[in-house]
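So the chains spell out like this:
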Amino acid sequence: MNNSKEIKFSEESLALVQRMIKRYPEGKQKSALIPVLHIAQAEFDGWLSSEVMDYVATLLNIQSVEAYEVASFYSMFNLKPVGKCVIEVCRTSSCWLLGAEDVIQHLEKKLNIKTGQTSSDGMFSLKSVECLGSCGTAPMMQVGADYYEKLTLEKVDGLLDRFRTDNKRKCYTDKAEASN
Amino acid sequence: MGKKLLLKNDHIPDIHTFEVYRKNGGYTSVEKAMKTMTSEAIVEEVKKSGLRGRGGAGFPTGMKWSFLAKPPGVARYLVCNADESEPGTFKDRYLMERHPHLLIEGMITSSFALGANTSYIYIRGEYFYIARILEAAIDEAYANGWLGKNILGTDYSLDLYVHVGAGAYICGEETALLESLEGKRGNPRIKPPFPAIAGLYGCPTVVNNVETIMAVVPIVNDGGEEYAKIGIGKSTGTKLISASGHINKPGVYEIEMGLPVEEFLYSEEYCGGMKGGKKLKAVVAGGSSVPILPAELFLKTAAGEPRLMSYESLADGGFATGTMLGSGGFIVMDETTSIVKNLWNFTRFYHHESCGQCSPCREGTGWMEKILHKILDGHGTIKDVDLLWDIQSKIEGKTICPLGDAAAWPV
Ligand SMILES: Cc1cc2nc3c(=O)[nH]c(=O)nc-3n(C[C@H](O)[C@H](O)[C@H](O)COP(=O)(O)O)c2cc1C
Ligand code: SF4
Ligand code: FES
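Residues numbered from 1 in each chain as written. Chains lettered and ligands numbered in written order. Predicted model: local features only at pLDDT ≥ 70, side-chain atom pairs only at ≥ 80, totals over all residues. Heavy atoms only, no water.

*Asks:* Lay out the overall build of chain A in plain terms, naming residues and giving numbers.
*Replies:* Regarding its fold elements, chain A presents seven helices and four strands. Starting at the N terminus and ending at the C terminus, chain A contains elements arranged as α-α-α-α-β-α-α-β-β-β-α. Computed over its C-alpha atoms, the radius of gyration of chain A comes to 17 Å, within 12% of the 16 Å expected for a compact globule of 180 residues. Counting over 180 residues, chain A shows a buried share of 56%. In chain A, the share of contacts with a sequence separation of at least 24, taken over all contacts with a separation of at least 6, comes to 66%. When the accessible area of chain A is evaluated, it comes to approximately 8100 Å², of which 49% is carbon and sulfur surface. (Helix = DSSP H or I, 4+ residues; strand = E, 2+ residues; numbered from the N terminus. Rg over C-alpha atoms; globule rule 2.2 N^0.38 Å. Buried < 20%, exposed > 50% of the residue type's maximum accessible area, 1.4 Å probe, protein only. Contact = heavy atoms within 4.5 Å. Areas by Shrake-Rupley, 256 points an atom, 1.4 Å probe, with all protein chains shown as cover.)

Given below as structure tokens:
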């Protein structure tokens, strides 16, 4: 859990934060807020606790409330603990036309949770999201940095097995897999 | 075969690497612009080309550029809009993933024309892996002297950075995008002032879509007049179309403006016809924020002429059938599709994505979603339909940004 360990970035992440800040003019370091929140979410168990947000705010020399405001606005930031693999299924137009509802129902059944919930073993969270720019290869889902496209229910099952075997936390900031 | 400008090298393996891109004529527009042209001359070529913004609104790019304020001693910015979140639109993803150097080249040539020394590519957070591709390409461009200080030995310097968002459709709206780039919530600003006067950090700023910026490359290389020869009327050049839904060959296609809609849908070169030979029911021809066109109005305009892929032809037909080319998202629905359910799907999208600043948008989209849900459940009455119209008329034209309008239009 977040609060049981000291909240401090690794040396590597700190260097990355410094690089991010330099991308913006002097005094405009607040621009680095979203990029730094991404780094924080990846490093601290996939979600942003208020302690983590306070830490980010201190690093950027801004008020904590500025970090809360932003983190709560954007859908990619989790403000509650999530599973190691957050499965985000697109539910918008083209995916919907080509069976996104079946994919979501199938996942709910397989994982024994409803959309928006996390499985009891802490492995999976299920979210439905809006168009991710994969409409030509619908239906699709995103897990961490990876897009999984042209989904079939068999393909979904295979992926779930793989995620379980890997047993690794997936983050947006990961290197994407070569091909899905 | 139609002429290809942005995808002309799409078949070349490893075109995403600097070496291969350069070998195939990459970065010549930068050389031409910086060695032989003034900034005014470049803006002039863009004006002559008739290029219109590819992000959805279709505003003439050359005119937008000429509005940029140039107070002495104040920084100017070029920001590329790579937020691409319009349902049914995925061409920018395709372009950036496969042709990152074309975007970088366009950014350098355009930044030079605008006199910007720092430029940003704002990319939606979900495209993290594409941000990495872009950053790798940017590193190559720096290493080869196309970015950084004194490019090509001139006194022009440019830094180019990628900035990732974090999931919010509204950040595609240019002033919300600038707020987000400043590290704030993506609430659209009240205009005026327009970004050309006071944009990023209060400085004069141009925001352009990925495809718009890429189109500057062939315009500078071949001249604006050459570009304007392609297309029809005020819709010049080529356009990238994202085709999806119940068709045989979904994907990204570059078309010459003015291609008949029928050819686009049925020819083997493009969508390849309806999947499973089913009948066409309706098409959304410009991303989700444009009205849905039923099959009978889709192939021909109100005047009975063949409908073409152009800003004008798609807008033709009066209020009832008028649609728009928008961002070029082309979603095809077959006879099995429930239009009400589809409408509910779009409305839910807008409700979810409303930034919440204006009450007609925030509340109205929620009410519309609820009513449509009721109709879907089979409990709808004529009164509900009237109510929908009433809400839509109360949203339209009464909000800060066009999201409210967009949500009202499909209804
Ligand atoms: C709600 C909303 C969403 C938008 N989303 C995008 C987008 O994802 N990408 C984009 O390029 N333009 C988008 N736009 C249009 C931008 O506001 C702006 O017009 C565009 O970036 C200008 O570039 P262009 O002239 O090159 O098209 C959106 C507009 C609105 C109102
Ligand atoms: S119209 Fe909707 S999305 Fe646009 S500023 Fe108002 S509340 Fe936000
Ligand atoms: S509609 Fe699902 S990715 Fe676009």
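*Asks:* Tell me what's going on with the overall build of chain B, and back it up with residues and numbers.
*Replies:* For chain B, the count of helices and strands is 18 helices and 11 strands. Its C-alpha radius of gyration of 21 Å places chain B within 12% of the 22 Å reference for a compact globule of 411 residues. Its C-alpha atoms give chain B principal-axis dimensions of about 70 × 45 × 35 Å. Counting across all 411 residues of chain B, residues that qualify as buried make up 60%. Of the contacts formed within chain B by residues at least 6 apart in sequence, a portion of 68% connects residues at least 24 apart. A gap of 2 Å separates the mean positions of the 42 positive and 48 negative side-chain charges of chain B. (Lys, Arg positive; Asp, Glu negative; His and termini not counted. Charge placed at Lys NZ, Arg CZ, Asp CG, Glu CD.)

*Asks:* Go over the packing of aromatic side chains, please, and point to the residues and values.
*Replies:* One pass over the structure, following the stated rule, counts 24 aromatic pairs over all chains. Ring geometry for Y24 of chain A versus Y120 of chain B: centroids 5.5 Å apart, planes at 10 degrees, classification stacked. With Y24 of chain A in the loop between α1 (11-21) and α2 (33-43) and Y120 of chain B in strand β2 (residues 118-123), this residue pair bridges two chains. Here Y24 of chain A falls in the buried class, since its relative accessible area comes to 6%. With a centroid separation of 6.2 Å and 70 degrees between ring planes, the pair formed by Y169 of chain B and Y350 of chain B is classed as edge-to-face. You can see Y169 of chain B sitting in the loop between β3 (159-164) and α8 (174-181) and its partner Y350 of chain B sitting in helix α15 (residues 339-353), a full 181 residues away along the chain. Among the aromatic side chains, those forming a connected cluster through ring pairs are Y24 of chain A together with Y77, Y120, Y161 and Y201 of chain B. Positioned above the aromatic ring of Y311 of chain B is the side chain of R52 of chain B, whose terminal nitrogen or guanidinium carbon lies 4.0 Å from the ring centre. The side chain of K370 of chain B reaches across the aromatic face of W367 of chain B, ending 5.3 Å from its centre. (Phe/Tyr/Trp six-rings, centres within 6.5 Å; stacked < 30°, edge-to-face > 60°. Lys NZ or Arg CZ within 6 Å of the ring centre and 35° of its normal.)

*Asks:* Outline the confidence of the model for chain B, supporting the account with residue identities and numerical values.
*Replies:* Residue and element names in this part refer to chain B. For chain B, per-residue confidence averages 91 on the pLDDT scale, and 96% of positions sit at 70 or higher. Every residue in residues 318-323 scores below 50 in pLDDT, and together they form 16 contacts with partners more than four places removed in sequence or on other chains. The ipTM for the predicted assembly is 0.96, set against a pTM of 0.95. (pLDDT = per-residue confidence, 0-100.)

*Asks:* An account of the site of ligand 1 is requested, with residue identities and associated values reported.
*Replies:* Residue and element names in this part refer to chain B. If you check the shell around ligand 1, you find 18 residues, and the closest are G55, N81, N208, N209 and T212. At a separation of 2.9 Å, an oxygen atom of ligand 1 approaches a polar side-chain atom of N81. Residue E84 places a main-chain N or O atom 3.2 Å away from an oxygen atom belonging to ligand 1. With the chains in place, 90% of the 610 Å² that ligand 1 exposes on its own is no longer accessible. When residues of the shell around ligand 1 are assigned to their parent elements, the largest contribution, three residues, is made by strand β4 (residues 205-209). Residue composition of the shell around ligand 1, by class: four nonpolar, eight polar and six charged. (Near = heavy atom within 4 Å. Polar contact = N/O pair within 3.5 Å; in protein donor to acceptor, adjacent residues only side chain to side chain. Nonpolar A, V, L, I, M, F, W, Y, C, P; charged D, E, K, R; others polar.)

*Asks:* Could you give me a rundown of helix α6 (residues 100-114) of chain B, with the residues and numbers involved?
*Replies:* Residues and elements named next belong to chain B. Taking 1.5 Å of rise per residue, 15 residues should cover 21 Å, and α6 covers 21 Å from first to last C-alpha, within 8% of that figure. Of all 15 residues in α6, 15 are buried; the element is thus mostly enclosed. Downstream of α6 by one or two residues, G115 has phi in the positive range, about 75 degrees. (Expected span 1.5 Å × (residues − 1).)

*Asks:* For the pattern of salt bridges, give the residues involved together with the corresponding values.
*Replies:* Taken as a whole and assessed by the stated rule, the structure comprises 31 salt bridges over all chains. Measuring nitrogen to oxygen at the nearest pair gives 3.6 Å for the salt bridge that ties K127 of chain A to E88 of chain A. Within this pair, whereas K127 of chain A is found in strand β2 (residues 124-129), its partner E88 of chain A is found in strand β1 (residues 85-90), the two being separated by 39 residues in sequence. Accessibility expressed as a relative area gives 22% for K127 of chain A, which makes it partly exposed. Taking the shortest distance from any N to any O, the salt bridge between E226 of chain B and K229 of chain B comes out at 2.6 Å. Highlighted residues: E226 of chain B and K229 of chain B, both in helix α10 (residues 224-229), separated by three residues, approximately one helical turn. (Salt bridge = Lys/Arg side-chain N within 4 Å of Asp/Glu carboxyl O.)

*Asks:* Before we move on, could you go through the site of ligand 2 and cite the residues and values that matter?
*Replies:* Not every one of the 13 residues close to ligand 2 is listed here, only the nearest: C355, C358, C361, T399 and C401 of chain B. Here the shell around ligand 2 is built from residues that sort into eight nonpolar, five polar and no charged.

*Asks:* I'd like a rundown of the interface of chain B and chain A, residues and numbers included.
*Replies:* Across the contact, 56 residues belong to chain B and 43 residues belong to chain A. Both faces combined, the contact of chain B with chain A buries some 4000 Å², and carbon together with sulfur accounts for 57% of it. For the pair chain B and chain A, the number of links is four salt bridges. The interface formed by chain B and chain A includes 26 residue pairs in polar contact (both at pLDDT 80 or more). Those elements that place two or more of their residues in the side of chain B that touches chain A are α7 (128-143), β3, α8, β7 (238-245), β11 (329-334) and α15 of chain B. The greatest single-element share of the side of chain B that touches chain A, amounting to eight residues, is contributed by α15 of chain B. Of the residues assigned to the side of chain B that touches chain A, the class counts are 24 nonpolar, 19 polar and 13 charged. (Buried area = accessible area lost by both parts, 1.4 Å probe.)

*Asks:* Help me get a handle on the sheet that holds strand β3 (residues 141-143) of chain A, residues and values and all.
*Replies:* The pairing of strands in a sheet happens through backbone hydrogen bonds and is either parallel or antiparallel. Residues and elements named next belong to chain A. Within the open sheet, the four strands sit side by side as β2-β1-β3-β4. Their pairing is mixed. Taken across any chain shown, the strands that pair with only one partner, and hence form the sheet edges, are β2 and β4 (146-148). On average, each strand axis in the sheet is inclined to that of its neighbour by 25 degrees, with strand direction left out of account. (Pairing = 2+ DSSP bridges. Axes fitted to C-alpha atoms, helices over the stretch in contact; angles between N-to-C directions.)

*Asks:* I'd like a rundown of the nonpolar core, residues and numbers included.
*Replies:* Within the largest apolar cluster, 132 residues are counted, with the highest numbers of intra-cluster contacts made by L103 and I123 of chain B. Setting aside anything within four residues of it in sequence, one finds I123 of chain B in contact with A82, M96, I130, A131, L134, V162, H163, V164 and G165 of chain B. (Core = buried A, V, L, I, M, F, W, Y, C linked by side-chain atoms within 4.5 Å.)

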